[in-house]
Amino acid sequence: MQARKQLLNFILLAVIFLAIPVFGYIVSKMTLSYMDKQVKTGLDFEKEEKKLEALKAICNTPEAQKEPPCQKVLAYFESDEYKFALNPSILELCSRGEYPELKNSCELAKRMGVINFWSITAAKISIGLLLIIFVCGFISNYGRLALLLTFRPLLIVSKIVLAFLTVINGILLAVSVYYAEMLLIHRVHLVVVVSIALGGIVAAYSIFATLFSSNRASTRVFGEELSKEKYKNIWELVQEISEKMNAHIPDHIIAGIEPNFYVTQADVKMLDKKFSGRTMYISIPMLKFFSRDEFSSIIAHELAHYKGLDTQYSLHFYPIYKGLQDGGQALEMSGGAFRAAAIPAVMLFNYLYNSFAEAENKISRNRELAADAESVKMFGAHTFAKALLKTHAFSEPWSSIMAMNLSLIKEGKCFKNISKTYSETIKNIDLPELIKNIGASDVAHPTDSHPAFPERLKAIGLETPHSDISLLPETGNLQLLIQDYEEIEEKVTDKLNMWMEIIAKIQSGTEETTEATEATEATEGTPAKRKPKKSKAR
């Protein structure tokens, strides 16, 4: 079923790509055919044709065929010259140069020839590009290295070819519309024609410009760095697990309040800092619900990604994702009601993105299952399953807490410790009902996709551990790993509230230009020059 869907999408893409070249070809052929008829009538070829037919009838008698004049006439009837006389072509007439009165018509015929040439050329380029994409899509199924080696050059080639093709399509479509209107309705909407051509040129420039955009992978977090000197307990635990697994240890550990755990080698940006290298993110509020072994099993899973070079590959995959996104966004931003020439490019970027994401997600899901297996080897399937269930189940209420805090900020209030509020919410929710509803939900992750929760349990040989539901809110006292646990919660909450205050002002439409500029600086990891107004703590 999936293969059939991909084939249909590819066929649809091919039809869209060939639409403008085919339209241009049809317009050129229709115009030339119309001109042929006009020329035949204007130069009285029909009268000449009747004379020749009469002469042919005379010379076809047995007696006349023996006469030399008739032999010449009959030979003429078999020649290309006679065929031309019967059905004169404007292009042939123009090439002979025997009819000065056809000068203007010949100029138009030459233009039709140019349209015909570029229509065929655009069609050939389109078919060639689509064939390259088809072959690359087939090769990319052979693993991460094949995916990287095919899609990275394919992205560059596609952008260059698309930029060139979009210019051709824009001009070709504009000229074809011009002559189609002139031929059919005998009037031309010049504004439409010029807009189509300019739309194609602007779209092509937008695509080409993305070739030089920065594609460095990055993710944004709200958290506090746990230094090796101050937070020895948690670093020793991570060090111990990494040595047993023979995995790389992270360069940085960041504690945040989002209910998530992950590792990355992308740049990690906070409002006032930026980290490069291997970074591990741990959730402060989630520590309240894990036993030491459960937490360790999550750490083991994340470190397995370093062992399997997953984060390194994600670092290479990110520019491909960003390049495809930039291409599509550039076309969206180029705007215009007459960017018809950019439609094939938009469709191709969407097709490439979906093709790459599907292949990459499949590989990522397999790598997640491999990381699960590494954790199970060290801490057992049952321990990891409980930790996994908590991570999935407890991530559900987070968006509601964030929405509630944003509403409070708009009223001039906020949560003083959103991590604590979140933890209290978890303790009061209907856990059995929540667990029943997690279904195939995935935990958000900055780079890789995760398999569905039931799939992960099945891979380690377990079903959902319903017998352990009552143990979910247990407190493992892991806060002891971080001595100033509550202070970090409040610091990170302050950072989050600063950011959400900017968002609230933007949403309410009261953000001034200078404030918007400072918000932009904040998103790039630069401290804003102003501090948001103090909100009332809740």
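The coordinates are above.
The numbers attached to residues start from 1 for each chain and follow its sequence in the written order. Where local features are concerned, this predicted model is filtered to residues with pLDDT of at least 70; where side-chain atom pairs are given and counted, the filter is 80 or more; whole-chain, interface and lining totals use all residues. To obtain the side-chain values, all non-hydrogen atoms of the structure were included, while hydrogens and water were left out.

Q: Describe the overall build of the protein chain, naming the residues involved and giving the relevant values.
A: Here a helix means four or more residues in a row that DSSP labels H or I, a strand means two or more in a row labelled E, and each is numbered from the N terminus. Along the backbone of the protein chain there are 20 helices and 9 strands. Out of the 538 residues belonging to the protein chain, those deemed buried represent 48%. Once local pairs closer than 6 in sequence are excluded, the contacts in the protein chain between residues at least 24 apart make up 79%. Put simply, the protein chain shows about 27,000 Å² of open surface, and 58% of that area lies on carbon and sulfur atoms. Three labels apply to residues, based on accessible area from a 1.4 Å probe with only protein chains included: buried if under 20% of the type maximum, exposed if over 50%, partly exposed otherwise in between. Contacts are residue-level and defined by heavy atoms, with any inter-residue pair within 4.5 Å sufficient. Using a 1.4 Å probe, accessible areas were evaluated by the Shrake-Rupley method; residue-level cover was limited to the displayed protein chains.

Q: Could you give an account of the sheet that holds strand β6 (residues 274–275), with specific residues and numbers?
A: When DSSP finds at least two bridges between two strands, those strands are taken to pair. Strand order across the open sheet formed by 3 strands is β1-β5-β6, with mixed pairing between neighbours. Every interior strand has two partners, whereas the edge strands, β1 (218–220) and β6, have only one.

Q: Residues and numbers for the pattern of salt bridges, please.
A: Only one rule defines a salt bridge in this text: a Lys or Arg side-chain nitrogen within 4 Å of an Asp or Glu carboxyl oxygen. Inspection of the entire model under this criterion finds 12 salt bridges. Among the salt bridges present, the one from lysine 307 reaches glutamate 374, with a minimum N-O distance of 3.6 Å. One end of the pair, lysine 307, is in helix α11 (residues 292–307); the other, glutamate 374, is in helix α13 (residues 343–379), and 67 residues separate them in sequence. In this structure, arginine 456 engages glutamate 368 in a salt bridge whose closest nitrogen and oxygen atoms are separated by 3.9 Å.

Q: Tell me about the sheet that holds strand β2 (residues 223–225), and please be specific about residues and values.
A: Spatially, 4 strands are ordered β2-β3-β7-β4 in an open sheet, and the strand pairing comes out mixed. Two strands lie at the open edges of the sheet, namely β2 and β4 (262–264), each paired on one side alone. Between one strand axis and the next, the sheet turns through 25° on average, direction left out of account. One ladder, built from 5 bridges, connects strand β3 (residues 252–256) with strand β7 (residues 279–283); its direction is parallel. Paired with isoleucine 254 across the bridge in β7 is tyrosine 281. Of the strands in this sheet, β4 and β7 are in contact with α11, which crosses β7 at around 155°. For helices, the fitted axis covers only the stretch in contact; all axes are lines through C-alpha atoms, and the angles between them, taken along N-to-C directions, range from 0 to 180 degrees.

Q: Summarise the nonpolar core; cite the residues concerned and give the values.
A: Formed by 63 residues in total, the largest nonpolar core has its most connected members in Leu226, Ile282, Phe295 and Leu303. Put simply, buried Ala, Val, Leu, Ile, Met, Phe, Trp, Tyr and Cys residues joined by side-chain atoms within 4.5 Å make one nonpolar core. The next biggest cluster of nonpolar side chains, apart from the first, holds 38 residues, and it includes Phe10, Leu147, Leu148 and Leu162.

Q: Explain the packing of α13 against helix α14 (residues 381–395) to me, using residue names and the numbers behind them.
A: Viewed as axis vectors pointing N to C, α13 and α14 meet at an angle of 125°, and their least axial separation amounts to 7 Å. Viewed along their axes, α13 and α14 adopt a mutual orientation that is oblique. Seen from α13, the contacting residues are Asp372, Ser375, Val376 and Phe379; seen from α14, they are Ala381, Thr383 and Phe384. Put simply, angles under 35 degrees are roughly parallel, angles over 145 are roughly antiparallel, angles from 65 to 115 are roughly perpendicular, and the rest are oblique.

Q: Go over the environment of tyrosine 422 with me, naming the residues and quoting the values.
A: Within the secondary structure layout, tyrosine 422 lies in helix α16 (residues 418–428). Overall, the relative accessible area of 0% leaves tyrosine 422 in the buried class.

Q: Tell me about the environment of tyrosine 485, and please be specific about residues and values.
A: Position of tyrosine 485 among the secondary structure elements: in helix α19 (residues 485–508). Residue tyrosine 485 is classed as buried on the basis of its relative accessible area, which comes to 7%. Along the sequence, tyrosine 485 and proline 285 sit 200 residues apart, while their C-alpha atoms lie 9.6 Å from each other.

Q: Account for the packing of aromatic side chains, naming residues and giving values.
A: Here a pair means two rings of Phe, Tyr or Trp (six-membered ring of Trp) with centres within 6.5 Å. Their orientation is stacked below 30 degrees between planes, edge-to-face above 60, and tilted elsewhere. Summed over all chains, the structure comprises 10 aromatic pairs. Consider the rings of tyrosine 262 and tyrosine 281, whose centres lie 5.0 Å apart with planes at 5°: the pair is stacked. Taken together, the residues span a long stretch of sequence, with tyrosine 262 in strand β4 and tyrosine 281 in strand β7 at a distance of 19 residues. Here tyrosine 262 and tyrosine 281 have matching classes, each one buried. One aromatic cluster is present, formed by Phe10, Phe134 and Tyr351 through successive ring pairs. Only lysine NZ and arginine CZ atoms are considered, and such an atom sits over a ring when it is within 6 Å of the ring centre and within 35 degrees of the ring normal. The ring centre of tryptophan 235 lies 5.0 Å from the NZ or CZ of lysine 228, which sits over that ring. One Lys or Arg, arginine 278, reaches over the ring of tyrosine 306 and ends 5.9 Å from the middle of that ring.

Q: Explain the side chain of glutamate 368 residue by residue, including any values.
A: If you trace the backbone, glutamate 368 turns up in helix α13. With relative accessibility at 0%, the residue glutamate 368 sits in the buried group. Within 3.5 Å is the distance limit for a polar contact, defined as a pair of N or O atoms, with the added protein rule that one can donate a hydrogen and the other accept it, and that residues adjacent in sequence qualify only through two side-chain atoms. At 3.0 Å, the side chain of glutamate 368 forms a polar contact with the side chain of histidine 301. Only 3.1 Å separates the side chain of glutamate 368 from the side chain of histidine 305, close enough to count as a polar contact.

Q: If you had to explain the side chain of lysine 288 to someone new, which residues and values would you point to?
A: Residue position: lysine 288 is located in the loop between β7 and α11. A distance of 3.3 Å separates the side chain of lysine 288 from the side chain of serine 423, its partner in a polar contact.

Q: Requested: an account of unusual backbone geometry, with residues and values cited.
A: Of note in this structure, histidine 186 is not a glycine but carries a positive phi near 60°. Within the secondary structure, histidine 186 is located in the loop between α8 (144–184) and α9 (190–209). A relative accessible area of 62% places histidine 186 in the exposed class.

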